[in-house]
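The chain contents come next:
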Amino acid sequence: MFRKNIQKYLPSLTKELSFPSHSPFYSLPSLLLPSFQVHWSASHCSQLKEQPHTSEKDRSQLAATDARRCEKEERRLRRESEGKATQSVAMESFMKGIRGDAPCVLDMDPTHTVGGGVEDFYGEDHATEDQLVTPWTISVASGHTLLRDKRHNKGLAFTETERDAHYLRGLLPPALSSQELQERKMMKNLRSYEVPLQRYQAMMDLQERNERLFYKILIDNVEELLPVVYTPTVGEACQKYGSIFKRPQGLYISLKEKGKILEVLRNWPERSIQVIVVTDGERILGLGDLGCQGMGIPVGKLSLYTALGGVRPSACLPITLDVGTNNETLLNDEFYIGLKQKRIRGQEYADFLQEFMSAVKQSYGEKVLIQFEDFANHNAFELLAKYGTTHLVFNDDIQGTASVVLAGLLAALKLVSGALADHTFLFLGAGEAGTGIAELIALEISRQTKAPLEETRKKLWLVDSKGLVVSSRNESLQHFKKPWAHEHEPLKTLLEAVQAIKPTVLIGTSGVGQTFTQEVVEAMASFNEKPLILALSNPTSQAECTAEQAYTWSKGKAIFASGSPFDPFEYEGKTFVPGQANNAYIFPGFGLGVIMCGAIRVHDDMLLAASEALAKQVSEENYANGLIYPPFTNIRKISANIAASVAAKAYELGLASRRPRPDDLVKYAESCMYTPVYRNYR
């Protein structure tokens, strides 16, 4: 009944406070004045009726007084709506229609208040301690509220006119600043921190305080700040998330919300969600089970969707599914922010995920992109297979990593001889990243040579914790490893596999640091003129080898790239610039492409298109420095080209729903990108 009453009177309120289409407030009814953010509980009216200090006579007098005040305020509202729309307005006319004959807390008799004559407008002091109090806030996006609205706050960059129009006088120091000056100041402060985690916290604080400045700084300084807001620093942040936690970012959906997930999604203030990054925290980077504290990963990924891919921040939703943790350290940590119970498995887990996926589609529609992030192997493959045909889903660990690695390999063909099919690949690590990369390489070779996929897979070999994956181990292998179990004698170590297989490309996805030993790298260099070595595990501490080790042990012959960044290294007078096979090259542009064409499903050919588009962005100058990836300084342009290629493939496959197709997809992608420069307010 209470909700119906609100809905009944909202149209009249909206009409009374309507704005012209050119107004800056026209498209922001929930954030900019004079639209209201009103939060209350349905128990408010019943609380007033049950006040022990209010007699029947008093309530009648209060109701009469209230009616007179409401009529007076309605007249004033009509006058002011014809004049300055930005002035503060009262809510009495709206409230009166909702509460009916019940008295209003705004009309509490001053004799019933406490606190030295200050009126208790909201009845908090008037109520006894055991009575429920309505958590009222009536605010407009001006003054103090505007300064705390991260989407519209500009700090000292508010102009003199804006300070007058939006009641900011006295709430800010008198100095005026530009966004560029604010950026220089923030970068100076960030560079003064010696500990990376301090820089991470400073950036997260800025994101919650001034959203546009955060993205402006990140875009303009992407090579410097990418390791701060994402890997490797985000790994440490997740490990310490409980201790550094200040305010929630995103949605936490735990087992407590089972059966109510749809309601929880509706608690999120935005309705036009285009990208969701979701994790259950079981395999965070190479750090293992971090449970609820894995939220740093979805938050970081979506920051890059906006900064690198241009997806609007308001269209992004980070979600952590808290299904427990098996990390004993966290279970015994008094500051742990998640459920202190063991992880659920089996059918209970499947049912929980099914409810979540159904609720997402019901809330946000068919075309919301759901990115699975850092799920354990046994769940990652199953979820991708189960929901790949019913939802628009993407697994960055499997598909994003595969796409960026394939792009590096395609680019590297200009530095090494032969086509992709002429090379032999050996992987250390047979999990979701390793098998995902292997599958996409096999698909690309099959596409180029027209050979069957089963045949092209024989060019790729995998080593797991038990040694080389071979057919004699078939009975004990997990299902996703079986396509890579070829005929060969069993081998126990990576070095033995390197010496026997003689690969031209060595790829590490093991999540275990320092596993590309000196003997392994020297063996690769002994039978390859330019061995291609990719140490992809994150964070930096888990990399299979460092750039310095790869160049030194190979005597400068290696073409090297890693998952986390390494500084340039000089060897015998020559400076080597290591490439970074970072998923951030792919997923922001891929997501933008999926969104802008209205794709309804993700197809493998769209991933191949993204890889080929990225490989084309490597310039001759990059090749001269031994790079197989372009610099991140051009990432927005790179993302636009990837988005265009992905969208073109979706249109070709009949998976795009947005019609008509734009003539120039690159220009269209650029026009869709969010730009973080400050806007001027009326």
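Quick notes on the rules
Starting from 1, residues in each chain are numbered consecutively following that chain's sequence as written. In view of the model being predicted, local features appear only for residues whose pLDDT reaches at least 70, and side-chain atom pairs are presented and counted only at 80 or more, with totals across whole chains, interfaces and linings using the full set of residues. With hydrogens and water set aside, each side-chain value is computed from the structure's full complement of heavy atoms. When DSSP finds two or more bridges between a pair of strands, those strands are recorded as paired. Runs of H or I in DSSP of at least four residues are treated as helices and runs of E of at least two as strands, each being numbered from the N terminus. Structural elements are reduced to axes, namely lines fitted to C-alpha atoms, with helices fitted over the stretch in contact, and the angle between N-to-C directions of any two is expressed from 0 to 180 degrees. UniProt positions are given in the numbering used here, feature names are shortened, and annotations may be inferred rather than shown by experiment. By definition, residues are in contact when any of their heavy atoms lie within 4.5 Å. Any residue under 20% of the maximum accessible area for its type is buried, any over 50% is exposed, and the rest in between are partly exposed; the area is computed with a 1.4 Å probe on protein chains only. Buried residues of nine kinds, namely Ala, Val, Leu, Ile, Met, Phe, Trp, Tyr and Cys, make up a nonpolar core once their side-chain atoms join them within 4.5 Å. To estimate how far a helix should extend, the number of its residues minus one is multiplied by 1.5 Å. To be clear, the arc concerns the directions from the helix axis to the C-beta atoms.

Peer 1: Sorry if this is basic, but what is going on with the sheet that holds strand E16 (residues 579–580) here?
Peer 2: The strands that make up a sheet pair up through hydrogen bonds in the backbone, lying either parallel or antiparallel. Pairing is mixed in the open sheet, where 7 strands are placed in the order E10-E9-E8-E11-E12-E13-E16. Two strands bound the open sheet, and with one partner strand each, they are strand E10 (467–468) and E16. The pairing of strand E13 (residues 559–562) with E16 spans 2 bridges and is parallel. Along E16, the bridge assignment pairs Ser562 with Gln580.

Peer 1: How should I be thinking about the sheet that holds strand E5 (residues 316–322) in this particular structure?
Peer 2: Spatially, 5 strands are ordered E3-E5-E4-E6-E7 in an open sheet, and the strand pairing comes out parallel. Looking along the sheet, the strands with just one partner apiece sit at the ends: strand E3 (251–254) and strand E7 (393–395). Averaged over all neighbouring strand pairs, the angle between strand axes comes to 25°, with direction disregarded. The pairing of strand E4 (residues 275–279) with strand E6 (residues 369–372) spans 4 bridges and is parallel. Within the sheet, the bridge partner assigned to Val275 lies in E6 and is Leu369.

Peer 1: Explain the UniProt feature "binding site: a divalent metal cation" (unreviewed entry) in the protein to me, please; I cannot follow it from the model alone.
Peer 2: With numbering matched to this structure, UniProt assigns "binding site: a divalent metal cation" (unreviewed entry) to Glu373, Asp374 and Asp397. Separation in sequence by 25 residues is not matched in space for these annotated residues, since their most distant C-alpha atoms are only 6.8 Å apart. Turning to its location among the elements, Glu373 is positioned in the loop between E6 and helix H17 (377–387). What Glu373 contacts, discounting residues up to four positions off in sequence, is Tyr230, Val277, Val278, Thr279, Asp280, Ile297, Lys301, Asp396 and Asp397. Position of Asp374 relative to the elements: it lies in the loop between E6 and H17. Look at Asp374 and you get buried, because its relative accessible area is 2%.

Peer 1: How should the nonpolar core be read in this particular structure?
Peer 2: Looking at soluble globular proteins, one finds that nonpolar side chains tend to be buried together. In this structure, Ile441, Phe590 and Ile628 are the most contacted members of the largest nonpolar core, which totals 123 residues. Among the elements that make up this core, the one with the highest residue count is helix H27 (residues 635–653) (10 residues). Apart from residues no more than four positions distant in its own chain, Phe590 is found in contact with Phe394, Val602, Met606, Leu607, Ala610, Ile642 and Val646. The next biggest cluster of nonpolar side chains, apart from the first, holds 37 residues, and it includes Leu321, Val323, Leu353 and Ala359.

Peer 1: Hey, could you run me through the pairing of strand E9 (residues 460–464) in this one?
Peer 2: Of all 5 residues in E9, 5 are buried, a share of seventy percent or more. Judged by which residues are buried, E9 turns out to be covered on both faces: Leu460, Leu462 and Asp464 on one side and Trp461 and Val463 on the other are all buried. Strand direction decides the pairing type here: E9 and E10, joined by 2 bridges, are antiparallel. Note on E10: the bridge partner recorded for Asp464 is Gly467. Remark: 2 residues form the turn of the hairpin made by E9 and E10, two consecutive strands paired antiparallel.

Peer 1: Is there a simple way to think about the environment of Ala610 in this case?
Peer 2: The residue Ala610 is located in helix H25 (residues 604–615) in this model. For Ala610, a relative accessible area of 0% puts it in the buried group. Between the C-alpha atoms of Ala610 and Ala644, which are 34 residues apart in sequence, the distance is 8.9 Å. In this structure, Ala610 is in contact with Ser403, Ile586, Phe590, Ile642 and Val646, ignoring residues within four places of it in sequence.

Peer 1: What is the right way to read helix H10 (residues 222–229) from this model?
Peer 2: Side chains three or four residues apart in an α-helix point the same way, a direct result of the helix having 3.6 residues per turn. Most of H10 is tucked away: 6 of the 8 residues are buried. Within H10, burial applies to Val222, Leu225, Leu226, Pro227, Val228 and Val229. Against helix H7 (179–192), helix H8 (196–209), helix H9 (211–220), helix H11 (233–239), helix H14 (296–309) and H27 lie the buried residues of H10.

Peer 1: Quick question: what am I supposed to make of H7 here?
Peer 2: An ideal rise of 1.5 Å per residue puts 20 Å on 14 residues; H7 measures up with 20 Å between its terminal C-alpha atoms. Taken together, the buried positions of H7 are occupied by Gln179, Gln182, Glu183, Met186, Met187 and Leu190. Take H7 and look down its axis: the buried residues cluster within an arc of 130°, on one side only. More than 90 degrees from the buried face of H7, the exposed residues found are Arg184, Lys185, Lys188 and Ser192. Buried residues belonging to H7 abut H8, H9 and H10.

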